[in-house]
Amino acid sequence: MKKAGVLGATGSVGQRFILLLSEHPDFELAAIGASKRSAGKRYVDACTWKQTDLMPQQVEDMIVSECVAEDFKDCDVVFSGLDADVAGTVEKEFVDAGLVVISNAKNYRRDPNVPLVVPIANSEHLEMVANREGGKGFNICISNCSTAGLVAPLKPLVDKFGPLKYVTTTTLQAISGAGFSPGVSGIDILDNIVPYISGEEDKIEWEAKKILGNLNAEGNGIDLDEDLVVSAQCNRVAVSDGHTECVSFKFKKEPAPSLDEIKSCLREYVCEAKKLNCHSAPEQAIHVLEQPDRPQPRLDRNRDAGYGVSVGRIRPDPIFDYKMVILSHNTIIGAAGSGILIAELLVAKNII
């Protein structure tokens, strides 16, 4: 069993990491870290628990450490739920100390030497760290939560039918994506839609190019699809969990594949994590729904325990080739769950 640590353990993403690790057959939670004001306290005393599941009993009496590499030296992998304002410095210290960090923060997503991975979509990008030179420490970034839902069905389409030329997405993002400190106030979101999420549109528009790109010839970097144009509009809506996206896309190659070919590609897609029998891998990575009013967050976000992505209303688009509605669980496949599945892939590939 591999030993795992969690940074930012008292925050919303850190709490989700802890939940997912609490009964995991491959990882033992060995260390938890948070800010100086929490360090030295029992986790139950340091943490304001916000998850719908109860705090796992085995973590209640664990003592919170500061986020320093020395306190995590025995960990095989460290999951980072740190805020971006501190993640950059802390994660660099951990990598320099020879630790493996899987981060939910944005700080290193654009680093050409750091894989940006949605594990049900572009797990082959993990070969970057397998082929790395130098010390054993390395960083892997989890994508933005909305990017994860967007690229999950697009990647198998690109792999089978060739690159895309244009992608547009309008997101309807759950309030859990904002965390709980400061989060979104009830007075702002009830009976309302907020048509702005700071930095979100830029993240989606750039991250999709890296994730939909290919490993370079040396296997140590990504050739970004610089010709791909992605346009995003992001909205916060009064949904607890589950990001919905209304997406249109156009292939470079003409004529485009048929509607039946698009649906068959998505239905038949099997992610590498499933092929490698990873514990958290979804039985069905992409669920194609034929009901005219699906997917819906309340009904579909928990497919395959939140690791599966639902796609509905796939139909021709009068401007591009096709349009569809995508739903993904933003705190599982869009955040902590992706980190857990990435770690499982690293184990399955004998990288850690």
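Scoring rules and cut-offs
Residues numbered from 1 in each chain as written. Predicted model: local features only at pLDDT ≥ 70, side-chain atom pairs only at ≥ 80, totals over all residues. Heavy atoms only, no water. Phe/Tyr/Trp six-rings, centres within 6.5 Å; stacked < 30°, edge-to-face > 60°. Helix = DSSP H or I, 4+ residues; strand = E, 2+ residues; numbered from the N terminus. Buried < 20%, exposed > 50% of the residue type's maximum accessible area, 1.4 Å probe, protein only. Pairing = 2+ DSSP bridges. Axes fitted to C-alpha atoms, helices over the stretch in contact; angles between N-to-C directions. Contact = heavy atoms within 4.5 Å. UniProt positions renumbered as here; feature names shortened; annotations may be inferred.

Under the defined criterion, the tally for this structure stands at eight aromatic pairs. Arranged with centres 5.4 Å apart and planes meeting at 55°, the rings of Phe 72 and Phe 94 form a pair that is tilted. Of the two residues, Phe 72 sits in the loop between β3 (65-66) and β4 (77-80) while Phe 94 sits in helix α4 (residues 84-96), which places them 22 residues apart along the sequence. Owing to a relative accessible area of 0%, Phe 94 belongs among the buried residues under this scheme. The interplanar angle of 85° and the centroid separation of 5.8 Å between the aromatic rings of Phe 249 and Phe 251 together place this pair among those described as edge-to-face. A single burial state applies to Phe 249 and to Phe 251, both of which are buried. Among the aromatic residues, ring-to-ring pairing joins Phe 161, Phe 249, Phe 251 and Tyr 322 into one connected group.

The mixed open sheet is built from six strands, whose spatial order is β11-β8-β12-β15-β14-β13. Among the strands making up the open sheet, the edge pair consists of β11 (229-236) and β13 (286-289). Between one strand and the next, the sheet's axes are offset by a mean angle of 20°, whatever the strand orientation. With eight bridges connecting them, strand β8 (residues 164-173) and β11 associate as parallel partners. If you follow Val 167 over to β11, its bridge partner there is Val 230. Of the strands in this sheet, β8 and β11 are in contact with helix α8 (residues 200-211), which crosses β11 at around 145°. Here helix α9 (residues 259-268) sits on the sheet in contact with β12 (243-251), β13, β14 (309-316) and β15 (322-328), set at roughly 175° to β14.

Position of Gly 221 relative to the elements: it lies in the loop between β9 (214-215) and β10 (222-223). Residue class for Gly 221 comes out buried when judged on its relative accessible area of 5%. Beyond its immediate chain neighbours, meaning those up to four positions away, Gly 221 contacts Pro 112, Met 128, Asn 214, Leu 215 and Asn 216.

To continue, consider the UniProt feature "domain: Semialdehyde dehydrogenase NAD-binding" (unreviewed entry) in the protein chain. When the UniProt feature table is mapped to this numbering, "domain: Semialdehyde dehydrogenase NAD-binding" (unreviewed entry) covers residues 3-129. For residues 3-129, the helix share is 28%, the strand share is 20%, and the end-to-end C-alpha distance is 19 Å.

When the UniProt feature table is mapped onto this chain, "active site" (unreviewed entry) is found at Cys 145 and His 243. In terms of the greatest pairwise C-alpha distance, the residues named above, spread along 99 residues, form a tight cluster of at most 8.0 Å across. Here Cys 145 lies in helix α6 (residues 145-161). Its relative accessible area of 13% is what places Cys 145 among the buried residues. Once you skip the residues sitting within four places of it in the chain, Cys 145 turns out to touch Gln 173, Glu 200, His 243, Ser 328, Asn 330 and Gly 334. Secondary-structure assignment places His 243 in strand β12. Taking the relative accessible area as the measure of exposure, His 243 reaches 1% and is therefore buried.

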